Amino acid sequence: GDVAAMAKYRLVKFKKTSATDPGGVAIVVSSRLPTGDKDNLRGLGINRTMVSGVASAMMGRLHPHANVGFEYWNKSLDVATGAGAAQVHVRHMVQYAAGAEVEVTPKVTFNVDFLGQQIRGGGRLGVVSDSSSTAGISGLQSLVIGNDGISKVRTAVGAKKTW
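Residues numbered from 1 in each chain as written. Predicted model: local features only at pLDDT ≥ 70, side-chain atom pairs only at ≥ 80, totals over all residues. Heavy atoms only, no water.

Draft legend 1. How the structure looks around the nonpolar core. In terms of nonpolar packing, the biggest core is built from seven residues, these being I46, M50, W73, V88, V90, M93 and I119. Excluding anything up to four places from it in sequence, I46 contacts R32, P34, W73, N74, K75 and L77. (Core = buried A, V, L, I, M, F, W, Y, C linked by side-chain atoms within 4.5 Å. Buried < 20%, exposed > 50% of the residue type's maximum accessible area, 1.4 Å probe, protein only. Contact = heavy atoms within 4.5 Å.)

Listed below in structure tokens is the structure:
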């Protein structure tokens, strides 16, 4: 598949508390290199580089965290719309997340995260009607890909017990 590389640099470290890591603000750069075979579904055949800002803190038993990033694609993925020779160009992505970890006891924590993603370009499916009369067909409908992008929002909830 595609090979990934990542680098992270902490810009600000918050004031030291009794915690081992008090949190801070960081920048993360990750890149996916097109080393996988696109024809065997082991890669996309494009360079993708994401630059993200990350923040985390420790406020007593509450540990909030958040990040937001933009992923640049060096070229688009072109998808046929099904309407003649038209194509939708899928390119670039915005990704974001926010959440918190709550320490219920020193050995039990609960987590909640809200994750979002917006891929620019193709995505939503729709129906296109063609009322032209061809070869005795008076009406035709096709399922096509729209050009308004893909948006996803998810919630993740969890618990952790250490022994």
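Right, picking up where we left off after that structure.
Draft legend 2. Representation of a nonpolar patch on the surface in the model. Together, Y9, L11, V12, F14, I27, V29 and V51 give the surface a local cluster of nonpolar side chains, amounting to about 600 Å² of exposed area. Residue assignment for the nonpolar patch shows that the elements contributing at least two residues are strand 1 (3-13) and strand 2 (23-33). The biggest single contributor to the nonpolar patch is strand 1, with three residues. (Patch = residues over 30% accessible without salt bridge, like charges linked within 9 Å, V, L, I, M, F, W, Y side chains within 5 Å. Areas by Shrake-Rupley, 256 points an atom, 1.4 Å probe, with all protein chains shown as cover. Salt bridge = Lys/Arg side-chain N within 4 Å of Asp/Glu carboxyl O. Helix = DSSP H or I, 4+ residues; strand = E, 2+ residues; numbered from the N terminus.)

Draft legend 3. Representation of the pattern of salt bridges. Under the defined criterion, the tally for this structure stands at one salt bridge. A salt bridge links D2 to R48; the nearest nitrogen and oxygen atoms lie 3.9 Å apart. Of this pair, D2 sits in the segment before strand 1 while R48 sits in strand 3 (residues 48-57), and the two are 46 residues apart along the sequence. Taken as a pair, D2 and R48 share a single burial class, namely buried.

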